[in-house]
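Single-letter residue listing:
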Amino acid sequence: MGGRRGSRTQRKHFKESRENVWKRPKTDSSSDPNNPNSNNTAWQPFATQNPSFDEYYKEQGLVSPEEWDAFMDMLRKPLPAAFRINSTSQFCDDIRSLLENDFMKSLQAEANEGSDLEPIKPLPWYPDNLGWQSNFSRMQIRKNQTLERFHEFLKLETEIGNISRQEAVSMVPPLFLDVHPDHFVLDMCAAPGSKTFQLLEIIHHSAKEGSLPDGMVLANDLDVQRCNLLIHQTKRMCTANLIVTNHEGQHFPGCRSHKNISNGSETTNKLEPSINQLLFDRVLCDVPCSGDGTLRKAPDIWRKWNGGMGNGLHCLQIHIAMRGLSLLKVGGRMVYSTCSMNPVENEAVVAEILRRCGGSVELVDVSNQLPQLIRRPGLRKWKVRDKGVWLASYQDVRKFRRNGIVPSMFPSGRNYMDPTDNSQKSENVENGNSEDVAQPDDPVSSSDNLEEEVSDLPLERCMRIVPHDQNTGAFFIAVLHKVSPLAVLAAAILDKSVSAQQNLSTKNDELHEKWSDQVTEEINGLESSSADGTDEKVEEVASEADGKISEVASEADEKISEVALETNLVGDGPDGVALETNSVAAQAPADKKIDSAKAGEKRKLQIQGKWRGVDPVLFFKDEAIINSIKTFYGIDESFPFSGHLVCRNSETNHVKRIYYVSKSVKDVLELNFRVGQQLKITSVGLKIFERQSSKEGTSAPCAFRISSEGLPVIFPYITKQILYASPADFKHLLQYKTIKFADFVDAEFGQKAANLMLGCCVIVLREGGKTSSDCVQLDTSTIAIGCWKGRASVSVMVTAIDCQELLERLSARMETEKGTLAQEISGEPDEKQDMSGENINLNGGTQC
């Protein structure tokens, strides 16, 4: 999770919501020797057996009988640790080189000498040797000096953001999304954020050097506490291309605006003002699941597992996946994944998606991608188990269990039911199961006599990763491609919509006739009265009548729109075709007036954008503060300020932090404002400026300092408050944190520091041999940190752990430069010039 900061809330939440299965309470009577009821047995490890689990997966044919023992043996072993190098880090090459040439070789040498240590190794299927795996116990780490050094290295780099700890199989889904830097990506169930971090890496790594990507990632999660964990995880990425929201995945708002709808047929990869709905090029749908693929890292699941866990999540998984597809652009790609082995949560969900979408969505065969990743094809036949009874088809489901067991759980998806059961018939028609029905037979408790169904869909294109193939956890992945607009339950939806429209149209005609008759009577009455003022009164009555009729017509149109939304039908989308919101509680248009009497009947929507417990997101437009920042730092006019600054406080005088957002995020925020702030945003943008609240800070010409996270974005555009330090002075700053002007090794540097204006400044490391007067060429290898120029000293504004990281990198660079200088003196070519200096940017201690 990357470090200690901000984790207290998460630990408290974890303690309250889940029992600690790893530690027995001190008051446990079973282990008390003085208790006569105690059996005096020592603490035993978790039971790694569950007869129901064995029976269930043997029957499903998940693996062949010959490899069953190997499969179960691997499930009972601890899961190796895995981590991923941040490909966008300026230290990416250095860290990879250190792993390959230092830690891996050292541990390999110890293993060759007869040690039981297993060397770290790169994941063979992860691109560019950026994914790694290690398998050590805590006891081994404490006893081995190399392992202890490796462990400390991992902790430091993880907290900085150069490395992310992540289960190996969890790294797979984003690799099959085929994300480009200009893509809008939705992570529907994002917490804890490791996959979101990976997606951000991909769009940044592929973007043009020195510029922000044109795309963005929108990470969503249902739970507020998990959103906090997601924010903490992705904060290490330092990106302006991320929005974090807090919604139910199946009810994620479509942000459909009625404004500019005439231009809605225009489709581009970037949101323009004419776009009237938030759609995505890629969707990652890693849905909530029973999680039995994580048994190796969460052994408490063994005692909790039962066959009904997957059944209870099946419908929710379908709803989330369908909502993801409705938010996906035509031509886009969605990855559906779970960490479960249960076919009811995997192949059954994918099969139902394909049935509902008809030919508008296809299952992509990606068997030729990542060839070194060992995967198995999806199943085409499986059974459902309910209350100890095996069910081969919906025909076998007992009548009183049909609320919990639905046809989509079975391979064929066919709906068998009793023709006399009207309530069941009505329910199944609403669920879209319109196949021919048949009289159900008596249920069979044994699976031996059941006639198995086999799906006719190409489910073998799905991927199953099983633990004993490559010593990992278990995972399921399906790649879906949207080839045309969805046609979800088109007949049922259109029938219901047309019927409602006819009823409302009839009512509209009746009201129109009623008002016309009333107007005629009033006009006739006026004609029979005095002629004085008759024309004015006639016009007044006619005008009032027109207004009433228009109001009734408008109300009827709004009610038709409501019906369309409730029946999963949304009007013309950006591509000029019908788009769906696959949820009865679909997001209502922002400009629609909602009757307060009916507000309780529908899912509550914060139309005003004032989400309870969440700070508002506002564009920062205080020209006085913006101009003072521009003047103080000499920021070039080419830097895009207008519309890219946001804050979370409506009172400008009390704004403490100013955030910077990319063009793509800016467009989404503008769309969100147009639709009444339907998105519940918990985090957005990159903190770029922060108000200095100290006494000395309030007296500075500029009240805002540059944050360490935002320094990489704005640094190329700064022309003032910059100093170039020698390696010795730069190192001393990191070591001692504060240095007086007179104490710098380079006296000229100290004098220049004293001449700076009071406030924030940027200290840049100049190459050895150059003086403070020499001009330094800024590029991707430039090392710079944010500092505070006080009245008598300069202080660094980076954390202690960041200083530690910078000192290690600086030491490596200085050693390399010494070697380079020696080569130049001897006249030899410099072959190692870029070994440690290439792509290094110590931006205030945070690498982005």
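Residues numbered from 1 in each chain as written. Predicted model: local features only at pLDDT ≥ 70, side-chain atom pairs only at ≥ 80, totals over all residues. Heavy atoms only, no water.

Caption draft 1: Looking closely at the sheet that holds strand 24 (residues 722–725). Strand order in the open sheet formed by five strands is 24-26-27-28-25, with mixed pairing between adjacent strands. Each edge of the sheet is formed by a strand with only one pairing partner; in this case those strands are strand 24 and strand 25 (738–740). Taken pair by pair, the neighbouring strands of this sheet meet at an average axis angle of 30 degrees, ignoring direction. Sheet analysis places strand 26 (residues 759–765) next to strand 27 (residues 784–789), joined by six bridges and oriented antiparallel. Residue pairing in the sheet places Gly759 in a bridge with Lys789 of strand 27. Sitting on the sheet, helix 21 (residues 727–736) touches strand 24, strand 25, strand 26, strand 27 and strand 28 (793–796), and the angle it makes with strand 26 is about 130 degrees. Contacts between helix 22 (residues 747–755) and the sheet are confined to strand 24, strand 26, strand 27 and strand 28, with strand 24 contributing the most and set at about 165 degrees to the helix. (Pairing = 2+ DSSP bridges. Helix = DSSP H or I, 4+ residues; strand = E, 2+ residues; numbered from the N terminus. Axes fitted to C-alpha atoms, helices over the stretch in contact; angles between N-to-C directions. Contact = heavy atoms within 4.5 Å.)

Caption draft 2: Expanded view of the UniProt feature "active site" (unreviewed entry) in the chain. Per the UniProt record, "active site" (unreviewed entry) is found at Cys339. Structurally, Cys339 is set in the loop between strand 9 (328–338) and helix 12 (347–357). Relative accessible area serves as the criterion here: at 21%, Cys339 is assigned to the partly exposed category. When residues no more than four places from it in sequence are discounted, the contact partners of Cys339 are Cys289, Gly291, Asp292, Gly293, Thr294, Ala474 and Phe475. (UniProt positions renumbered as here; feature names shortened; annotations may be inferred. Buried < 20%, exposed > 50% of the residue type's maximum accessible area, 1.4 Å probe, protein only.)

Caption draft 3: Geometry of the confidence of the model for the chain. A residue-level look at the chain finds 68% of positions with pLDDT of 70 or above and a mean pLDDT of 77. Mean pLDDT in the chain bottoms out at strand 16 (residues 570–572), which sits at 35, and peaks at strand 15 (residues 475–482), which reaches 98. Low pLDDT, under 50, characterises residues 261–273; the predicted model gives this stretch 32 contacts beyond four residues in sequence or across chains. With pLDDT under 50 throughout, residues 422–447 is counted as low confidence; its partners more than four residues away or in other chains account for 47 contacts. (pLDDT = per-residue confidence, 0-100.)

Caption draft 4: Focus on unusual backbone geometry. Looking along the chain, the bond that leaves Ala191 and enters Pro192 is cis, with omega of 10 degrees. Even without being glycine, Lys737 reaches a positive phi, approximately 70 degrees. When you line up the elements, Lys737 lands in the loop between helix 21 and strand 25.

Caption draft 5: Up close: the sheet that holds strand 2 (residues 121–122). Across the sheet, which stays open at both edges, the four strands sit in the order 2-3-1-4 with antiparallel pairing between neighbours. Each edge of the open sheet is held by one strand with a lone partner, namely strand 2 and strand 4 (163–165). Pairing geometry for strand 1 (residues 81–85) and strand 4, over three bridges, is antiparallel. Bridge assignment links Arg84 to a residue of strand 4, and that residue is Ser164. The sheet strands contacting helix 6 (residues 145–160) are strand 1, strand 3 (131–134) and strand 4, and the helix crosses strand 4 at an angle near 105 degrees.

Caption draft 6: Inspection of helix 11 (residues 308–326) at higher detail. With 19 residues, helix 11 extends 29 Å from end C-alpha to end C-alpha; this agrees with the ideal 27 Å at 1.5 Å per step. Approximately 35 degrees is the largest bend angle found in helix 11, and it occurs at His314. Of the positions making up helix 11, those classed as buried are Gly310, Asn311, His314, Gln317, Ile318, Ile320, Ala321, Met322, Arg323, Gly324, Leu325 and Ser326. In this fold, the buried residues of helix 11 make contact with strand 8 (280–286), strand 9, helix 12, strand 10 (361–363), strand 12 (384–386) and strand 15. (Expected span 1.5 Å × (residues − 1). Bend = angle between axes of the 7 residues up to and from the residue.)

Caption draft 7: Looking closely at the pairing of strand 6 (residues 216–220). For strand 6, the buried fraction is high: five of the five residues fall into the buried class. Along strand 6, one buried face is formed by Met216, Leu218 and Asn220 and the opposite face, lined by Val217 and Ala219, is buried too. Bridge count for strand 6 against strand 7 (residues 242–245) is four bridges, and the pairing is parallel. Opposite Ala219, over in strand 7, you have Val244 as the bridge partner.

Caption draft 8: Structural view of helix 4 (residues 92–112). With 21 residues, helix 4 ought to run about 30 Å at 1.5 Å a step, and its terminal C-alpha atoms sit 29 Å apart, in line with that. The axis of helix 4 is deflected most strongly, by about 35 degrees, at Leu99. The set of residues buried in helix 4 consists of Cys92, Asp94, Ile95, Arg96, Leu99, Asp102, Phe103 and Leu107. Count one or two residues on from helix 4 and you reach Gly114, which has phi positive near 100 degrees.

Caption draft 9: Representation of the nonpolar core. Counting residues in each nonpolar core, the largest one holds 81 residues, and the members touching the most others are Phe53, Leu218, Leu325, Val350, Leu669 and Val684. Sorting elements by how many residues they give to this core places helix 12 first, with seven residues. Ignoring sequence-local partners within four residues, the contact set of Val684 consists of Leu242, Ile243, Val617, Val646, Arg648, Tyr659, Val661, Val665 and Leu669. The next biggest cluster of nonpolar side chains, apart from the first, holds 54 residues, and it includes Ile95, Trp125, Leu177 and Met463. (Core = buried A, V, L, I, M, F, W, Y, C linked by side-chain atoms within 4.5 Å.)

Caption draft 10: Local environment of the packing of helix 8 (residues 194–205) against helix 9 (residues 224–235). Where helix 8 meets helix 9, the axes come as close as 9 Å, and the angle between the chain directions of the two elements is 35 degrees. You can see that helix 8 and helix 9 cross each other, and the crossing is right-handed. From helix 8, Ser194, Thr196, Phe197 and Leu200 reach across to helix 9, where they touch Leu230, Gln233 and Thr234. Tallied by class, residues from the contact of helix 8 with helix 9 come to three nonpolar, four polar and no charged. (Left-handed = near helix turned anticlockwise from the far one by under 90°. Nonpolar A, V, L, I, M, F, W, Y, C, P; charged D, E, K, R; others polar.)

Caption draft 11: Seen up close, the packing of aromatic side chains. Summed over all chains, the structure comprises 22 aromatic pairs. Between Phe103 and Phe150 the ring centres are 5.3 Å apart and the planes differ by 65 degrees, which places this aromatic pair in the edge-to-face class. Taken together, the residues Phe103 in helix 4 and Phe150 in helix 6 connect sequence positions 47 residues apart. Joined through ring pairs, the aromatic side chains of Phe53, Tyr56, Tyr57, Trp302, Trp305 and Trp390 make up one cluster. Stacked on the ring of Phe184, the Lys or Arg Lys329 has its end atom at 5.9 Å from the ring centre. (Phe/Tyr/Trp six-rings, centres within 6.5 Å; stacked < 30°, edge-to-face > 60°. Lys NZ or Arg CZ within 6 Å of the ring centre and 35° of its normal.)

Caption draft 12: Inspection of the environment of Val479 at higher detail. By the element assignment, Val479 lies in strand 15. For the pair Val479 and Val366, spaced 113 residues apart in sequence, the C-alpha to C-alpha distance is 7.7 Å. Those residues within four positions of Val479 in sequence are excluded, and the remaining contacts are Phe176, Arg333, Met334, Val335, Glu362, Leu363, Val364, Val366 and Met463.

Caption draft 13: Inspection of the pairing of strand 26 at higher detail. Summarising burial for strand 26: seven of the seven residues are buried, a large majority. As defined by bridge partners, strand 24 adjoins strand 26 across four bridges and the pair is classed as parallel. Residue Tyr724 lies in a different strand from strand 26, and its bridge partner there is Val764.

Caption draft 14: Fine view of the environment of Cys761. Along the chain, Cys761 turns up in strand 26. C-alpha separation for the pair Cys761 and Met797, spaced 36 residues apart in sequence, amounts to 9.9 Å. Those residues in contact with Cys761, other than ones at most four positions away along the chain, are Gln721, Leu756, Ile785, Gly786, Cys787 and Lys789.

Caption draft 15: Quick look at the packing of helix 11 against helix 12. The interhelical angle for the contact between helix 11 and helix 12, taken along N-to-C directions, is 45 degrees, at an axis separation of 10 Å. The angle between helix 11 and helix 12 falls in the class oblique. Seen from above, helix 11 lies across helix 12 with right-handed handedness. Together, His314, Gln317, Ile318, His319, Ala321, Met322 and Leu325 of helix 11 and Ala348, Val349, Glu352, Ile353, Arg356 and Cys357 of helix 12 make up the contact between the two elements. When the residues that make up the contact of helix 11 with helix 12 are grouped by side-chain class, the tally is eight nonpolar, three polar and two charged. (Parallel < 35°, antiparallel > 145°, perpendicular 65-115°, else oblique.)

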